[in-house]
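Here's the letter readout for the chains.
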Amino acid sequence: MSEFWKRKIKTYFKALDFDKDGYISEDDFGELGRRFAVSRNTTAEKRAELTRKFRRVWQKFMKCEDLKTSKRLTAAILIESMKQQLYDPDFVALLTQLILGLFELLDVNQDGYLQPEEYERWFDDMGFPEEAFDRKAAFDAMDTNHDNKLSFDEFIRAYFDFVFSQDESSPNKFFFGPLVD
């Protein structure tokens with residue numbers, strides 16, 4: 001995998017490292033799901049469902065060979081885990097379920113689309129300051145039909161472009177915020 005792809009996965013890691021301790025643990029995953037759900041005032045059932053989805057992705061990440069003795073991911077181990085599972089249909093299906101749950105959660109007004117404000121709130125929840133990068137440009141890159149809202153199809157295509165693509169010119173490279181060095 002290219003160095004560019006590795007930078008994107010390190011960016012993904014940074015977004016998932018909820019407590020910013022340099023590791024991703026099962027607690028980070030569970031807390032991330034809970035945090036998104038609570039900030040949207042969702043039902044306890046919806047919070048539990050999203051937390052379960054986050055934890056199932058966590059369990060998939062933990063199948064990496066380098067994790068036999070650890071219960072925490074470093075950025076390097078996440079990169080290796082992603083490389084090992086990237087084209088596994090079960091893993092892709094699980095990521096799709098997680099992104100659908102995230103999309104439904106971000107869609108506060110439940111109209112089936114993400115409005116710019118709903119999209120921006122996601123970055124607020126992840127702790128990215130507004131000045132960290134051009135959120136509007138990232139939103140506009142995903143909005144392929146230019147209707148100023150994101151359908152699930154646009155959102156999932158952008159996510160998978162972020163995860164799979166090694167194209168440095170991809171407009172979706174900022175899906176999880178500014179790329180880390």
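Keep in mind that what you see is a predicted model, and the values were worked out from it rather than measured. Along each chain, the written sequence defines residue order, and numbers are assigned to residues from 1. Selection of residues for local features in this predicted model requires a pLDDT of at least 70, selection of side-chain atom pairs for listing and counting requires 80 or more, and totals for whole chains, interfaces and linings are taken over all residues. With hydrogens and water set aside, each side-chain value is computed from the structure's full complement of heavy atoms.

Colleague: It is not clear to me how helix α8 (residues 152-164) should be interpreted in this structure. Could you clarify?
Modeller: Along an α-helix, residues three or four apart share an orientation, since each turn contains 3.6 residues. In this model α8 runs 18 Å from its N-terminal to its C-terminal C-alpha over 13 residues, within 8% of the 18 Å that 1.5 Å per residue would give. Among the residues of α8, Glu154, Phe155, Ile156, Ala158, Tyr159, Phe160, Phe162 and Val163 are the ones counted as buried. Every helix listed is a DSSP run of H or I at least four residues long, and every strand listed is a run of E at least two residues long, numbered separately from the N terminus. Under the convention used throughout, the expected extent of a helix is 1.5 Å for every residue step, that is, one less than its residue count. Only protein chains enter the accessibility calculation, which uses a 1.4 Å probe. A residue is then buried if its area is under 20% of the maximum for its type, exposed if over 50%, and partly exposed in between.

Colleague: So what exactly am I meant to see when it comes to the packing of helix α1 (residues 3-16) against α8 here?
Modeller: Each pair of packed helices can be described by the angle between their axes along with the distance between the axes. Relative to each other, α1 and α8 sit at 120°, their axes nearing to 8 Å. As far as their axial angle goes, α8 and α1 are oblique. Across from Trp5, Lys8, Ile9, Thr11 and Tyr12 in α1, the residues of α8 making contact are Tyr159, Asp161, Phe162, Val163 and Phe164. Under the scheme applied, nonpolar residues are Ala, Val, Leu, Ile, Met, Phe, Trp, Tyr, Cys and Pro; charged residues are Asp, Glu, Lys and Arg; polar residues are all the others, including Gly. In the contact of α1 with α8, the residues fall into 7 nonpolar, 1 polar and 2 charged. Fitted lines through C-alpha atoms give the axes, limited to the stretch in contact for helices. The angle between two N-to-C directions lies from 0 to 180 degrees. What sets the label is the angle itself: under 35 degrees gives roughly parallel, over 145 gives roughly antiparallel, 65 to 115 gives roughly perpendicular, and the rest give oblique. Residues count as neighbours in contact if any of their non-hydrogen atoms are within 4.5 Å of one another.

Colleague: For this particular structure, what's the right way to read the packing of aromatic side chains?
Modeller: Here the distance between the centres and the angle between the planes together describe a pair of aromatic rings. Each aromatic pair joins two rings of Phe, Tyr and Trp (for Trp, the six-membered one) with centres within 6.5 Å, and gets the label stacked for planes under 30 degrees apart, edge-to-face for over 60, and tilted for any other angle. Counting across every chain of the model gives 15 aromatic pairs. Residues Tyr12 and Phe162 carry aromatic rings whose centres are separated by 6.5 Å and whose planes lie at 75° to one another, so their mutual orientation is edge-to-face. With Tyr12 in helix α1 and Phe162 in helix α8, the pair connects residues that are 150 residues apart, well separated along the chain. A relative accessible area of 3% means that Tyr12 is categorised as buried. Pairing Phe155 with Phe175 gives two aromatic rings, centres 5.1 Å apart and planes at 50°, and the pair type is tilted. Separated by 20 residues along the polypeptide, Phe155 in helix α8 and Phe175 in the segment after α8 bring together distant segments of the chain. Phe175 matches Phe155 in its accessibility class, with the two residues each being buried.

Colleague: Where do I start with empty space enclosed by the protein in this structure?
Modeller: Think of a ball as big as a water molecule: rolled over the atoms, this probe shows where empty space is left. Only protein atoms enter the 1 Å grid used here, on which a cavity is any set of points holding a 1.4 Å probe that cannot leave and a pocket is any open set flanked by protein within 12 Å on both sides along at least five of seven lines; residues with an atom within 4 Å of a point are listed as lining. Grid points are joined across faces, edges and corners, and a volume is the space filled by probe spheres set on the points. In this structure the tally under the stated criterion is 2 cavities of 30 Å³ or more. Within this model, the largest cavity holds a volume of roughly 120 Å³. Considering the residues around the largest cavity, the lining is formed by 13 residues, among which Tyr12, Leu16, Phe54, Leu102 and Phe176 are closest to the centre. Contributions of two or more residues to the lining of the largest cavity are made by α1, α2 (26-39), α5 (89-106) and α6 (116-126). Each residue belonging to the lining of the largest cavity can be placed in one class, and the counts come to 13 nonpolar, no polar and no charged. What the second largest cavity holds in volume is close to 40 Å³. The element that contributes the greatest number of residues to the lining of the second largest cavity is helix α3 (residues 44-61), accounting for 4 residues.

Any link to function would need more than the numbers given here.
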